[in-house]
Amino acid sequence: MEIQNIIKMIRKWLLLIILLPILCVMVAGYYFYQLATPVYTSTAKILVFHQQDSDVISGSDLTTSSNIINDFCVIITSTPVLQDAADSMLINRSDGTVGTVTLAQLKQCRISVSKGSENRIVTLSVTSENASLAYNAVEAIVESATLHAIDYLKTENIRVIEPASEAARSGPASLRNTALAGLLGLAAAVGFAFLVEMLNTTIREPEDVEKLFGLPVLAKIPKYENREAAYGKHS
């Protein structure tokens, strides 16, 4: 499709190309800002290491530390750890009351554990629709995991270097999602216009005749809007 035809197509479908993205932005904005439930995330950072000599860190210590970190990342989300964490938690409910937490409720949270590639820091994050639950879950899981690690791994070299942070809103990404909805609406409008124009085989210009039949156009009959313009006022 030539540039001139593309410009004509855009002019023809300009109303759709403008209105559809606006409609998508309005619908997406209403959903993400008014209907979507916000989620909150709290994080904590834990230093996990092994060191036999308090003055020197050997290559053996680093290897052992790596193994301990891998094991700790598994232990921190194990059922015994989560069960003990749930049993020790109290959270603020939306109705203003304070309540306990079950293991099932805790597992409904998004719990993620990551380790640094060049350090011995383990990061724990808990995301929930309840900010109090996210914050208290991080606190309780860190405490429970530390106690279980001492029992299972026979090490006390676990230090909380950043305690649970105040749960901050982490989603949904309302602005980004609304902008994406607008872009999708624009792409859909342009795509629909292109499709309709490509499927339309109506002969609209003299050039269309030349392209379809390979014959030159010898004459064009002008189109008049009314009979008087075509035949004269006094015919």
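One can find the structure itself at the top, above this paragraph.
Everything numeric here is computed off the predicted structure, so don't read it as measured data.

Visitor: Describe helix 4 (residues 79-87), listing the residues and the values that go with them.
Guide: Residues V81, L82, A85 and A86 constitute the buried set of helix 4. Projected onto a plane normal to the axis of helix 4, the buried residues spread over an arc of 130 degrees and lie on a single side.

Visitor: How would you sum up the nonpolar core? Please name residues and give values.
Guide: Within the largest apolar cluster, 33 residues are counted, with the highest numbers of intra-cluster contacts made by V48, F72, M89, L106 and I141. Counting only elements with at least two residues in this core, the list comes to strand 1 (39-48), helix 3 (59-75), helix 4, helix 5 (103-108), strand 5 (121-128) and helix 6 (131-153). Looking at which element gives the most residues to this core, the answer is helix 6, with nine residues. Discounting residues that sit within four places of it in the chain, V48 has contacts with I68, I69, F72, R120, V122, N157 and I158. In this structure, M9, W13, I17 and A189 belong to the second largest nonpolar core, which totals five residues.

Visitor: So, the packing of helix 2 (residues 14-35) against helix 7 (residues 174-199): which residues are in play, and what are the values?
Guide: To describe two helices that pack against each other, one gives the angle between their axes and the distance between the axes. Close contact between helix 2 and helix 7 brings their axes to 8 Å; oriented N to C, the two are set at 155 degrees. Considering the angle they form, helix 2 stands roughly antiparallel to helix 7. Read as a crossing pair, helix 2 and helix 7 show a hand that is right-handed. Each of L16, I17, L20, P21, C24, V25, A28, G29, F32 and Y33 in helix 2 lies in contact with helix 7, whose residues at this interface are S174, L175, N177, T178, A181, G182, G185, L186, A188, A189, V190 and F192. By residue class, the composition of the contact of helix 2 with helix 7 is 16 nonpolar, six polar and no charged.

Rules of the game
- Residues numbered from 1 in each chain as written.
- Predicted model: local features only at pLDDT ≥ 70, side-chain atom pairs only at ≥ 80, totals over all residues.
- Heavy atoms only, no water.
- Buried < 20%, exposed > 50% of the residue type's maximum accessible area, 1.4 Å probe, protein only.
- Helix = DSSP H or I, 4+ residues; strand = E, 2+ residues; numbered from the N terminus.
- Arc of directions from axis to C-beta.
- Core = buried A, V, L, I, M, F, W, Y, C linked by side-chain atoms within 4.5 Å.
- Contact = heavy atoms within 4.5 Å.
- Axes fitted to C-alpha atoms, helices over the stretch in contact; angles between N-to-C directions.
- Parallel < 35°, antiparallel > 145°, perpendicular 65-115°, else oblique.
- Left-handed = near helix turned anticlockwise from the far one by under 90°.
- Nonpolar A, V, L, I, M, F, W, Y, C, P; charged D, E, K, R; others polar.

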